[in-house]
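Observations on chain architecture
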Amino acid sequence: MGQPHDGPDRAHRRPDGVSDATVEALGKLSEALECVERARGHLYELHQLIGHADLMLDDAVELFRSAGHPVLAERIDRDLLGRNVIAGRWTFQIVEDFDDGYYALFREMDRQARDDLVGGRRHLYEAEMKERRRTRGRPGHEARPA
C-alpha cells in the first residue's frame, strides 16, 4: 500500500473514461499555449525596449544640436522620434491587439477544451509523465507535498 501522498492529487488525475489520445492532445494544446506565453513576453519586451529607445532619442537630438549638427538633430526629431513602429501603431497598440485577439482566443480555447474534456484539470500529460519518471520512495521524488 502506498503512502497517503503517493500519486498525483485529484486535480492532476485523469477523469474516468478519458483516453490517452485526449490527454496527449490537451498536453499539446497546453504546450502550444506555453509557447504563445513566451512570445507574449517577448512582445512586451519589444514594447519596453522600443519605448526606452524612443525616450533616448531626446538625448541624442540634444547632443547632436550641442555638437553643431542641427540638420541631423532636426531630422531625428521630426522623422524618427515618436514614429509608429508599424503603420498607424505604437507598440502599446500592438500589445493590446495581440492580447485582446489572438492571445485571448488561444487562452479561451485551451480553457474550454480542458473544461469540456477533463473537468478543467490542467497539466494531466505532465502529471502522468511525472508518475512514469519519478522513483517512488526516493527523497526528492515525491508525487506532491506532504
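Structural data are supplied above this passage.
As a starting point, this report considers the structure included with it. (Residues numbered from 1 in each chain as written. Predicted model: local features only at pLDDT ≥ 70, side-chain atom pairs only at ≥ 80, totals over all residues. Heavy atoms only, no water.)

Phi angles above zero are rare outside glycine, and His 123 is one such case at about 55°. With respect to the helices and strands, His 123 occurs in the loop between helix H3 (91-118) and helix H4 (124-133). For His 123, a relative accessible area of 35% puts it in the partly exposed group. (Helix = DSSP H or I, 4+ residues; strand = E, 2+ residues; numbered from the N terminus. Buried < 20%, exposed > 50% of the residue type's maximum accessible area, 1.4 Å probe, protein only.)

It is worth spelling out the pattern of salt bridges at this point. By the definition in use, this model includes 17 salt bridges. One salt bridge connects Asp 6 with Arg 136, and the closest N-O pair in it is separated by 3.3 Å. Taken as a pair, Asp 6 in the segment before helix H1 (20-66) and Arg 136 in the segment after H4 lie far apart in primary sequence, 130 residues in all. Asp 6 gets classed as partly exposed once you look at its relative accessible area, which sits at 31%. Relative accessible area serves as the criterion here: at 49%, Arg 136 is assigned to the partly exposed category. A salt bridge links Arg 40 to Asp 99, with the shortest nitrogen-to-oxygen separation between them at 2.7 Å. Taken together, the residues span a long stretch of sequence, with Arg 40 in helix H1 and Asp 99 in helix H3 at a distance of 59 residues. For Arg 40, a relative accessible area of 23% puts it in the partly exposed group. Of the residues examined, Asp 99 reaches a relative accessible area of 14% and is grouped as buried. A network of salt bridges, in which partner residues are shared, links Asp 6, Glu 131, Arg 134 and Arg 136. (Salt bridge = Lys/Arg side-chain N within 4 Å of Asp/Glu carboxyl O.)

Right, let's talk about a nonpolar patch on the surface for a bit. Together, Leu 46, Ile 50, Val 85 and Ile 86 give the surface a local cluster of nonpolar side chains, amounting to about 290 Å² of exposed area. When you line up the elements, Leu 46 lands in helix H1. Using a relative accessible area of 38% as the deciding quantity, one classes Leu 46 as partly exposed. (Patch = residues over 30% accessible without salt bridge, like charges linked within 9 Å, V, L, I, M, F, W, Y side chains within 5 Å. Areas by Shrake-Rupley, 256 points an atom, 1.4 Å probe, with all protein chains shown as cover.)

On to the nonpolar core. Formed by Leu 33, Val 36, Leu 43, Ile 94, Val 95, Phe 98, Tyr 103 and Phe 106, the largest nonpolar core amounts to eight residues. For this core, the secondary structure elements donating two or more residues are H1 and H3. With five residues, H3 is the largest single contributor of residues to this core. Look past the residues within four positions of Val 36 in its chain and what remains in contact with it is Phe 98, Tyr 102, Tyr 103 and Phe 106. Formed by six residues, the second largest nonpolar core is a distinct cluster that contains Val 18, Val 23, Leu 26 and Leu 124. (Core = buried A, V, L, I, M, F, W, Y, C linked by side-chain atoms within 4.5 Å. Contact = heavy atoms within 4.5 Å.)

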